[in-house]
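Understanding the architecture of this molecule
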Amino acid sequence: MGKDHVALTITGMTCGHCVAAVKKALAAVHGVVEVEVTLSPPRAMVTCDPAMTTVEMLTKATGEEGFPSSPTAG
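Now for a look at the structure at hand.

The rules behind these values
Residues numbered from 1 in each chain as written. Predicted model: local features only at pLDDT ≥ 70, side-chain atom pairs only at ≥ 80, totals over all residues. Heavy atoms only, no water. Core = buried A, V, L, I, M, F, W, Y, C linked by side-chain atoms within 4.5 Å. Buried < 20%, exposed > 50% of the residue type's maximum accessible area, 1.4 Å probe, protein only. Contact = heavy atoms within 4.5 Å. Helix = DSSP H or I, 4+ residues; strand = E, 2+ residues; numbered from the N terminus. Pairing = 2+ DSSP bridges. Axes fitted to C-alpha atoms, helices over the stretch in contact; angles between N-to-C directions.

1. Comments concerning the nonpolar core
Met13, Leu26 and Leu58 are the most contacted members of the largest nonpolar core, which has 19 residues in total. Among residues more than four places away in sequence, those in contact with Leu26 are Leu8, Val32, Val35, Ala44, Val46, Leu58 and Thr62.

In structure tokens:
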């Protein structure tokens, strides 16, 4: 299995609860291996299997949780 590392800028996070919600949403995406979410800066680093996971799937997951995201340089 190959691994991709995707960096996402997250909008709207203000506290630890937000960080936990984003991490849980991303971890639930099929093919995600590891997730690290930080409040400052507001971003997520996701390690995933590119054969199973797309950036669109990741941004959809955070958006559905109420935290829009977009890819950024890692």
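2. Points about unusual backbone geometry
Looking along the chain, the bond that leaves Ser40 and enters Pro41 is cis, with omega of 5°. For Pro41, the position within the fold is in the loop between strand E2 (32–38) and strand E3 (43–48).

3. Overview of the sheet that holds E2
Strand order in the open sheet made by the four strands is E2-E3-E1-E4, with antiparallel pairing throughout. Strands at the two margins of the open sheet, each flanked by one partner only, are E2 and strand E4 (69–72). Ignoring which end each strand starts from, the neighbouring axes of this sheet average 30° apart. Pairing geometry for strand E1 (residues 4–10) and E3, over six bridges, is antiparallel. Residue Leu8 lies in a different strand from E3, and its bridge partner there is Ala44. Sitting on the sheet, helix H1 (residues 16–27) touches E1, E2 and E3, and the angle it makes with E2 is about 165°. Lying on the sheet, helix H2 (residues 55–64) is in contact with E1, E2, E3 and E4; it crosses E4 at an angle near 145°.

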